[in-house]
Amino acid sequence: MNTSKLDRYTLKQYTRLTIAFFLCLLLLSVCQYSILYFKGVVEGIFSASFFIAVAHQLGFASLMAVILLFPFNFWENLRPRYGFNLVFVLLALLLIIEAMLIAYYCTALVPLGADLLGYSFADIKETVSNSGGISFLPILGLVAIIAVFFGLYKLTSRYYHHIGRMYPFTIILFSLFISTLFLDGKPINQSKTQYLALNLYHSTTEDTSYQADVEYPLIKSQHTENVLGGYFELKEEKPNIVMIIVEGLGRDFVGEGAEFGSFTPFLDSLSQQSLYWENCLSTTGRTFGVLPAITGSLPFGKSGFMELEKYPNKLTLFSILKNNGYHTSFYQGTNSAFDGVDRFLLSENVDFVLDKSGFGVDYQTQSEDANGSSWGYPDRELFRKSMTLPRDGDKPRMEIYMTISNHEPFIPPNQDHYEKKVKELLPGSGHDSKTKRIIKKNSNIFATLLYTDDALKFAIEEYKKLPTYENTIFVITGDHRLIPIPQRNAISRFHVPLIVYSPMLKEPRKMSAVSSHFDVAPTLLALLESQYEMKMPKKVAWMGSALDTYEKFRGIKDIPLMRNKNELKEYVSGEKVYSDGSVYEIDEDMNFSNSLGGAKIEQKLNAFKSMNAYVTTNDKIIPDSLAIFTIKKEKFTDSEIVWINSLYNGFNSDTYYMIARDLAFDDAYDKSLLLCRYILSERPSHIDTKVLTGRVNAWRGNREKAIEILKECIDQNPNYIDSYAALFDVYFWDGRHKEALHLVEQVQRNSSSADEIADKIARAKREARKAGVSLAKTREKPTKQDVVASLDQ
């Protein structure tokens, strides 16, 4: 086509395009406020906040118009219509991004910011998939946005003669943008795209340089006041500690005076029989930070402690209690690789880890959403599975659970039953009309709360059946407040209950003083050290101190709060909180009122940011001399790293696994095992890589090692058929017919996919018959080693 014959587009068409862009932003703002209204978050659609949002969107549209005017003119002068097409595509993309960010905001009630950089692509994919997934409807919506944009552009041709009188247009646009800078913008009424861009810029350019007065600024002498001792009648033996971290369990749903109470009757009752901190704060607004905070009182790093590429030396409940004879275990019904949980647990030498790969056929996963995705196993199944596992009575135990049911997409087992129960409870709940409207519109969430409460009741009842129950301390808290229900203020998402329950308690008590998850580990260890002979470090580096047991409301602590990954924006200092440039006074109900003194708290926050970056990136939490366990990190030579990096740009465990498998098939066993070591150093729970490691060892003739590895794979994931298939092969090659027969029973008991390896099962039985081995013979007079091995499994 001869482009010289085409008419160049002028400022007239560009102006119409800009107006159409703004009108689409206006429609998206209407959609946002409508969704929030019908969810019960805002009082009305066309409120003062809405018109401020319109002004901000006008400013954003004006800014984009000024920025894109130059490439528009350049390309139009170079080739007719190229500039117009370029700007149309760019504005359409901005509309799609804005629509997606508004959808995120309407779900999470916080705008997406620099926390986007804190998640791997695999984590984002899993979150999107398990929280509702990507369906056809949103894609249709994006197509509609482009169609509306084009339609509005066509429509503006009728009214351009009014706009054409404005001159010069660029000055008007720039003036509109400048005027919006003087408006008080909040996340609800800001352009979400502009917010994301500015947040990313500030996060990546923030100065966190630290002038160290001391090499280890967190180090302090190991003396935490034993504030719990007077409440307990401890026994001679060290107590078991069971910690249950409940997904989304905010204070707004639990205990006396809860804003959305009546849907956790068991926890409400348990809190009245316990030591109950009604004003406890989680330290992060998402799950990624709860384990390091509650077990180790650890700083955050840039995107959460577990996201650090290399862990600094640290002390946690896991390492200290294991060093004092405790058996340590961790249970969750989801993927332990998510948020790097598996790496963190591996670094602490945790004795036993259960995640969704280890349940087997007797347990039902959480219901799938409309897109066929599921996080894993719901809470009751998690507790049911854990109670079937052997517990050595000779050792005290520390057991930590992380639940999942109370999370998007909020599909509890027996959902109809629990939603019916919500309807039955609502009339007598005592809530006002606004709160009832929110509950009705989110009945699936409150149904899930009822299910989770029942699951917790089941867990405690099951522990009561154990002989060690009378010597157990239970700690129950939330990882953060669930997000979709409207929040009163910036601290609401951190406000969680903390319940310490035990048969050894002398009396219950409610504490209203402000404490945090940072205080849990120091407090529990102080209790144990006061009663038992404990090997404790001489110095510690806790972020927290003893829990404040003052019964009335007060705030005496400094608590940094990480809203999302990469977003340290809140800081509690005494009874004041700094949030996004403003400072507020906190009252006994954790409500806000405006206050002065923001500069001093902002200085504290900035000082913490610098110290946080220094200690986590330079391994300056504690020195080597205080560390109980050295960090297990695979070491690779420079040449090995260069070779690994040459295979794939970035890190994707599945991609690397496929490369390692191909290398093994080509008999390059050493390189395959090297790559497997690298994968497992980053993703310790990657089961396919573990199985491949076992297979390669068998192919190299190291069958004892192969059997050891493959047995570990079966223990980790008893339902995964590839582990059995590989182990059957090794037993066959090594002539271990007795072990193969036992494996037949094991796979048929544990795996729903046993028919997939029917040929290997048949071969094991056939070879056993030839060798004269039968199950009856193998069961005669089990040795002591057999009994111990079965208990270990």
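Fair warning: this is a prediction, and the values are worked out from it, not measured in the lab.

Peer 1: Can you walk me through the overall build of the protein chain in this structure?
Peer 2: Of the regular secondary structure elements, the protein chain holds 28 helices and 16 strands. Looking at the 793 residues of the protein chain, the share that counts as buried comes to 55%. Long-range contacts, defined here as pairs at least 24 residues apart, represent 76% of the contacts in the protein chain between residues at least 6 apart. Total accessible area on the protein chain stands at roughly 35500 Å², and carbon and sulfur atoms take up 54% of it.

Peer 1: Help me understand the pairing of strand 4 (residues 327-332) in this model?
Peer 2: For a regular strand, side-chain orientation follows a simple rule: the groups alternate between the two sheet faces. For strand 4, the tally of buried residues reaches six of six residues, placing the bulk of the element in the interior. Here strand 4 runs beside strand 6 (residues 397-402); their pairing, made up of six bridges, is parallel. The residue bridging Q332 from the neighbouring strand is M402, located in strand 6. A crossover links strand 4 with its parallel partner strand 5 (residues 352-354), the connecting element being helix 12 (residues 341-347), and its sense is right-handed.

Peer 1: Looking at this structure, I do not really get helix 21 (residues 669-682). What am I missing?
Peer 2: The α-helix winds at 3.6 residues per turn, so residues separated by three or four positions along the chain end up facing the same way. With 14 residues, helix 21 should reach 20 Å at 1.5 Å per residue; the first-to-last C-alpha distance of 20 Å fits that figure. The buried fraction of helix 21 amounts to ten of the 14 residues, a majority that puts the element mostly inside the structure. Looking only at helix 21, the buried set comprises S672, L673, L674, L675, C676, Y678, I679, L680, S681 and E682. Looking at the buried side of helix 21, the elements it contacts are helix 12, helix 19 (638-647), helix 20 (653-665) and helix 22 (687-699).

Peer 1: Any chance you could explain helix 17 (residues 520-531) here in plain terms?
Peer 2: In a regular helix each residue adds 1.5 Å, so twelve residues correspond to 16 Å; helix 17 covers 18 Å between its end C-alpha atoms and thus fits that length. Where helix 17 is concerned, the buried positions are V520, A521, P522, T523, L524, L525, A526, L527 and L528. On the buried face of helix 17, the contacting elements are strand 2 (240-246), helix 10 (290-296), helix 11 (317-322), strand 7 (472-478), strand 8 (495-501) and strand 10 (515-516).

Peer 1: Honestly, the confidence of the model for the protein chain in this entry has me stumped. Any pointers?
Peer 2: Close reading of the predicted structure is inappropriate where its pLDDT is low. Of the residues in the protein chain, 88% reach a pLDDT of 70 or more, and the chain-wide mean stands at 85. Ignoring residues within four places in sequence, the model shows residues 778-793, a span with pLDDT below 50, making seven contacts including any to other chains.

Peer 1: I would appreciate a short explanation of the pattern of salt bridges in the present structure.
Peer 2: Oppositely charged side chains may form a pair once their charged atoms are brought near each other. The full count for this structure, using the stated rule, is 32 salt bridges. Notably, a salt bridge pairs R488 with E259, separated by 3.2 Å at the nearest N-O pair. A residue pair is termed long-range when its members are at least 10 positions apart, and R488 in the loop between strand 7 and strand 8 and E259 in the loop between strand 2 and helix 9 (265-271) qualify at 229 residues. Note that E307 and K565 form a salt bridge whose closest N and O atoms lie 2.8 Å from each other.

Peer 1: Quick question: what am I supposed to make of the nonpolar core here?
Peer 2: Core analysis: the biggest nonpolar cluster contains 88 residues, and F232 and L291 have the highest contact counts within it. Excluding anything up to four places from it in sequence, L291 contacts I245, G296, M306, F330, V341, F344, L345, I400 and M402. In terms of nonpolar packing, the next biggest core, distinct from the first, is built from 47 residues, F410, I438, Y463 and Y501 among them.

Peer 1: Could you clarify how one ought to interpret the packing of helix 23 (residues 703-716) against helix 24 (residues 721-734) in this entry?
Peer 2: Packed helices, taken two at a time, are described by the angle between their axes plus the distance between the axes. One way to put it is that helix 23 packs onto helix 24 with a least axis distance of 9 Å and a crossing angle of 155°. Of the possible angle classes, the one that applies to helix 23 and helix 24 is roughly antiparallel. The crossing of helix 23 and helix 24 is left-handed. Judged by residue contacts, R703, A706, I707, L710, K711, C713 and I714 of helix 23 engage S723, Y724, A726, L727, V730, Y731, W733 and D734 from helix 24. Looking at the contact of helix 23 with helix 24 residue by residue, the class counts come to eleven nonpolar, one polar and three charged.

Peer 1: What should I look at first to understand the pairing of strand 2 in this one?
Peer 2: The buried count for strand 2 comes to seven of seven residues, which makes it a mostly enclosed element. Here strand 2 shows no split at all, with N240, V242, I244 and V246 on one side and I241, M243 and I245 on the other all buried. Taken together, the seven bridges between strand 2 and strand 7 define a ladder with parallel strand orientation. Across the sheet, the residue bridging to I244 is I476, located in strand 7. Across five bridges, the pairing between strand 2 and strand 6 is parallel. Note that in strand 6 the partner of I244 across the bridge is Y401.

Peer 1: I keep staring at unusual backbone geometry and nothing clicks. Help me out?
Peer 2: What is expected of a backbone is that most residues other than glycine have negative phi and most peptide bonds are trans. Cis peptide bonds are those with omega within 30 degrees of zero, and the linkage from E408 to P409 qualifies with 15°. With respect to the element layout, P409 can be found in the loop between strand 6 and helix 14 (415-425). The phi dihedral of D339 falls on the positive side, at around 65°, and the residue is not glycine. Residue classification places D339 among the buried residues on the basis of a relative accessible area of 6%.

Peer 1: Can you walk me through the sheet that holds strand 12 (residues 558-564) in this structure?
Peer 2: Strand pairing within a sheet occurs via backbone hydrogen bonds; the two strands may be parallel or antiparallel. One open sheet accounts for five strands, arranged 12-13-14-15-16; its pairing is antiparallel. Whereas interior strands pair on both sides, the edge strands pair on one side only; in this sheet they are strand 12 and strand 16 (592-594). Each strand axis lies, on average, 30° off the axis of its neighbour in the sheet, ignoring direction. Helix 18 (residues 598-617) rests against strand 12, strand 13 (567-573), strand 14 (576-579) and strand 15 (582-586) of the sheet, and its axis sits at about 125° to strand 13.

Peer 1: Looking at this structure, how should I read a nonpolar patch on the surface?
Peer 2: The grouping of F74, W75, L78, Y82, L86, V89, L90 and L93 at the surface amounts to a nonpolar patch, some 710 Å² of accessible area in total. Elements with a contribution of two residues or more to the nonpolar patch: helix 2 (48-78) and helix 3 (82-108). Among the elements that line the nonpolar patch, the one with the most residues is helix 3, at five residues. Assignment of secondary structure puts V89 in helix 3. Residue V89 is classed as partly exposed on the basis of its relative accessible area of 45%.

Peer 1: For this particular structure, what's the right way to read the environment of F410?
Peer 2: Mapped onto the elements of the fold, F410 is located in the loop between strand 6 and helix 14. C-alpha separation for the pair F410 and N442, spaced 32 residues apart in sequence, amounts to 9.7 Å.

Peer 1: I keep staring at the packing of aromatic side chains and nothing clicks. Help me out?
Peer 2: In this description, a pair of aromatic rings is defined by centroid distance and the angle of the planes. Applying the stated criterion across every chain, the model contains 35 aromatic pairs. On the numbers, 6.4 Å between centres and 45° between planes, the contact of F665 with W699 is tilted. One end of the pair, F665, is in helix 20; the other, W699, is in helix 22, and 34 residues separate them in sequence. Ring pairs connect the aromatic residues Y33, F46, F50 and F51, which therefore count as one cluster. Above the plane of the ring of F458 lies R380, whose end atom (NZ or CZ) is 4.1 Å from the centre.

What counts, and where the lines are drawn
- Each chain has its residues counted from 1, following the order in which its sequence is written.
- It should be noted that, the model being predicted, local features are given only for residues of pLDDT at least 70 and side-chain atom pairs only at 80 or more, the latter also being counted only at that level, while totals for whole chains, interfaces and linings use all residues.
- Here the side-chain values reflect all heavy atoms present in the structure, with hydrogen atoms and water set aside.
- Counting from the N terminus, the helices are the DSSP runs of H or I reaching at least four residues and the strands are the DSSP runs of E reaching at least two.
- Working definition: with a 1.4 Å probe on protein chains only, accessible area under 20% of the residue-type maximum means buried, over 50% means exposed, and in between means partly exposed.
- Only heavy atoms matter for contacts: two residues are in contact if any of them lie within 4.5 Å across the pair.
- Surface exposure here means Shrake-Rupley accessible area, sampled with a 1.4 Å probe, where a residue is shielded only by the protein chains that are shown.
- Being paired, for any two strands, means DSSP has found at least two bridges between them.
- For crossovers, right-handed means that the path from the first strand over the helix to the second runs clockwise, given strands pointing away from the viewer.
- What a helix is expected to span follows from its residue count: subtract one and scale by 1.5 Å.
- Predictor confidence is given residue by residue as pLDDT, running from a minimum of 0 to a maximum of 100.
- Only one rule defines a salt bridge in this text: a Lys or Arg side-chain nitrogen within 4 Å of an Asp or Glu carboxyl oxygen.
- Residues enter a nonpolar core if they are buried and are Ala, Val, Leu, Ile, Met, Phe, Trp, Tyr or Cys, with the set joined through side-chain atoms within 4.5 Å.
- Interaxial angle, 0 to 180 degrees, is taken between N-to-C directions of lines fitted to C-alpha atoms, where a helix line uses only the stretch in contact.
- An angle counts as roughly parallel when it lies under 35 degrees, as roughly antiparallel when it exceeds 145, as roughly perpendicular when it falls between 65 and 115, and as oblique in every other case.
- Crossing handedness is read from the near helix: turned anticlockwise from the far helix by less than a right angle, it gives a left-handed crossing, and turned clockwise, a right-handed one.
- Under this grouping Gly is polar, as are all residues other than the nonpolar Ala, Val, Leu, Ile, Met, Phe, Trp, Tyr, Cys and Pro and the charged Asp, Glu, Lys and Arg.
- Residues qualify for a patch when their relative accessible area is over 30% and they have no salt bridge, like charges being joined within 9 Å and the nonpolar side chains of Val, Leu, Ile, Met, Phe, Trp and Tyr within 5 Å.
- Ring geometry is summarised as follows: Phe, Tyr and Trp rings, the Trp one being its six-membered ring, pair when their centres sit within 6.5 Å, and such pairs are stacked at plane angles under 30 degrees, edge-to-face over 60 and tilted between the two.
- We call a charge positioned over a ring when the NZ of a Lys or the CZ of an Arg lies within 6 Å of the ring centre and within 35 degrees of the ring normal.

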